[in-house]
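Structural description and commentary
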Amino acid sequence: MNGRFAGQRAVVTGAGSGIGAAIARRLADEGARVLAADVDAGGAAKTAADIGGTAVTLDVTDPTAVHQSLGGEPFDVLVNNAGIDDFGWFTDVPPARWRRTLAVNVEGVLACTQAVLPGMQARRYGRIVTVTSEAGRIGAKGNAVYATSKAALIGFTKSIARENARFAITANCVAPGPTETPMVQAIRDRGERGAALLAAMVAGTQLGRLGSPQEIAAGVAFLASPEASYITAETLGVSGGMGLGS
Ligand SMILES: NC(=O)c1ccc[n+]([C@@H]2O[C@H](COP(=O)([O-])OP(=O)(O)OC[C@H]3O[C@@H](n4cnc5c(N)ncnc54)[C@H](O)[C@@H]3O)[C@@H](O)[C@H]2O)c1
């Protein structure tokens, strides 16, 4: 590994599990000092211990806590990765459930981005990478609110890219396809229906398989690195070609 992030400070939300843990490890392996943030205190602590970073227990839906935890120090890299899904036909999803999904997946990203931007602007450097989903680009049967939340992140990222180009801050999204994490295991655990759903997701990729958290982390690390200096407002599919649609 080279040291693309040597001397840099990075924060990764949802770093206690799955894709976020892999991103935290990748950035740390390449020299970053990583703050692993997660609502799951044990997960954040475990990742921090594994990579030699620091941990913070943080619920991204609490803007006051986010500003307290992230607003006080300058970060070179923000990875907005924390997210939840919530399967169900849209006609069965009550407002309390859609509010929860939007609160974590959208408002959490707004809060974290707002907390770190002033420090990046003052230092005229920043890389913001937000983990969206191919669901946000092509829709998702049985996951409409999740797809809505992930589509919103693409519009938000383009806007942040526009507003902050003058500070040499870039903002991009990575759109994973189905990736082998506890989120996907939870689908598998739903029995026959879950297995069918997962099979349909895999069939929607060109490569015909799940991705690994490390493969997603590689895409995130590229966009978070100094060398991605002329890339902003983009969404990079790391999805085995799922963006084509099946
Ligand atoms: N796994 C996939 O197939 C897949 C596909 C596309 C996109 N994604 C996205 O990748 C990201 C990571 O997903 P994953 O598969 O690693 O899931 P995961 O469930 O393994 O990890 C998500 C992490 O986010 C944390 N989190 C949840 N709510 C939080 C909150 N309010 N505040 C702070 N942290 C919170 C969880 O504690 C957990 O550690 C998510 O944004 C997800 O939508 C995943």
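This section reports on the structure supplied with the text. (Residues numbered from 1 in each chain as written. Predicted model: local features only at pLDDT ≥ 70, side-chain atom pairs only at ≥ 80, totals over all residues. Heavy atoms only, no water.)

So, the side chain of N81
Its place among the elements puts N81 in the loop between β4 (77-80) and α4 (95-123). Filtering out sequence-adjacent residues up to four positions away, N81 remains in contact with T13, G14, I19, G20, I23 and V131. (Helix = DSSP H or I, 4+ residues; strand = E, 2+ residues; numbered from the N terminus. Contact = heavy atoms within 4.5 Å.)

Considerations on the packing of aromatic side chains
A complete count under the given rule lists one aromatic pair for this structure. Measuring from ring centre to ring centre gives 5.9 Å for F90 and W98, while their planes differ by 25°; the resulting arrangement is stacked. For W98, a relative accessible area of 30% puts it in the partly exposed group. (Phe/Tyr/Trp six-rings, centres within 6.5 Å; stacked < 30°, edge-to-face > 60°. Buried < 20%, exposed > 50% of the residue type's maximum accessible area, 1.4 Å probe, protein only.)

What to know about the pattern of salt bridges
As enumerated under the stated definition, the model contains eleven salt bridges in all. The salt bridge involving R209 is made with E215; its shortest N-O contact spans 2.9 Å. By relative accessible area, R209 is classed as partly exposed at 41%. The exposure class assigned to E215 is partly exposed, which follows from its relative accessible area of 32%. Taken together, the salt bridges that share partners define one network made up of R4, R26, E30 and E227. (Salt bridge = Lys/Arg side-chain N within 4 Å of Asp/Glu carboxyl O.)

Side note on the nonpolar core
Among the nonpolar cores identified, the biggest contains 26 residues, and V12, I23, L27, V34, V79 and V220 are the most heavily contacted of them. Those elements that provide at least two residues to this core are β1 (9-13), α1 (18-29), β2 (33-38), β4, β5 (126-131) and α9 (213-224). Discounting chain neighbours no more than four positions away, the residues touching V79 are V11, V12, T13, I23, L27, V129, V131 and V220. Core analysis: the second largest hydrophobic core is formed by 25 residues, A82, A111, A115 and I169 among them. (Core = buried A, V, L, I, M, F, W, Y, C linked by side-chain atoms within 4.5 Å.)

Considering the sheet that holds β2
The parallel open sheet is built from seven strands, whose spatial order is β3-β2-β1-β4-β5-β6-β7. The sheet is open, and its two edges are formed by β3 (54-57) and β7 (235-238), each paired on a single side. Averaged over all pairs of adjacent strands, the angle between their axes in this sheet comes to 20°, without regard to strand direction. Examined bridge by bridge, strand β6 (residues 169-176) and β7 share four bridges and lie parallel to one another. (Pairing = 2+ DSSP bridges. Axes fitted to C-alpha atoms, helices over the stretch in contact; angles between N-to-C directions.)

Observations regarding the packing of helix α3 (residues 63-70) against α4
Close contact between α3 and α4 brings their axes to 9 Å; oriented N to C, the two are set at 35°. In the crossing of α3 with α4, the sense of the turn from one axis to the other is right-handed. Packed against α3, whose contacting residues are P63, V66, H67 and L70, the element α4 presents A111, C112, Q114, A115 and V116 at the interface. A class-by-class count of the residues in the contact of α3 with α4 yields seven nonpolar, two polar and no charged. (Left-handed = near helix turned anticlockwise from the far one by under 90°. Nonpolar A, V, L, I, M, F, W, Y, C, P; charged D, E, K, R; others polar.)

Quick notes on helix α8 (residues 192-203)
The terminal C-alpha atoms of α8, which comprises twelve residues, lie 16 Å apart, in line with the 16 Å expected from a rise of 1.5 Å per residue. Listed in full, the buried residues belonging to α8 are G194, L198 and V202. Looking down the long axis of α8, one finds its buried residues gathered within 70° of arc, a one-sided arrangement. Of the exposed residues in α8, those oriented more than 90 degrees away from the buried face are E192, R193, A200 and A203. Each element contacted by the buried residues of α8 is listed here: α7 (182-188). (Expected span 1.5 Å × (residues − 1). Arc of directions from axis to C-beta.)

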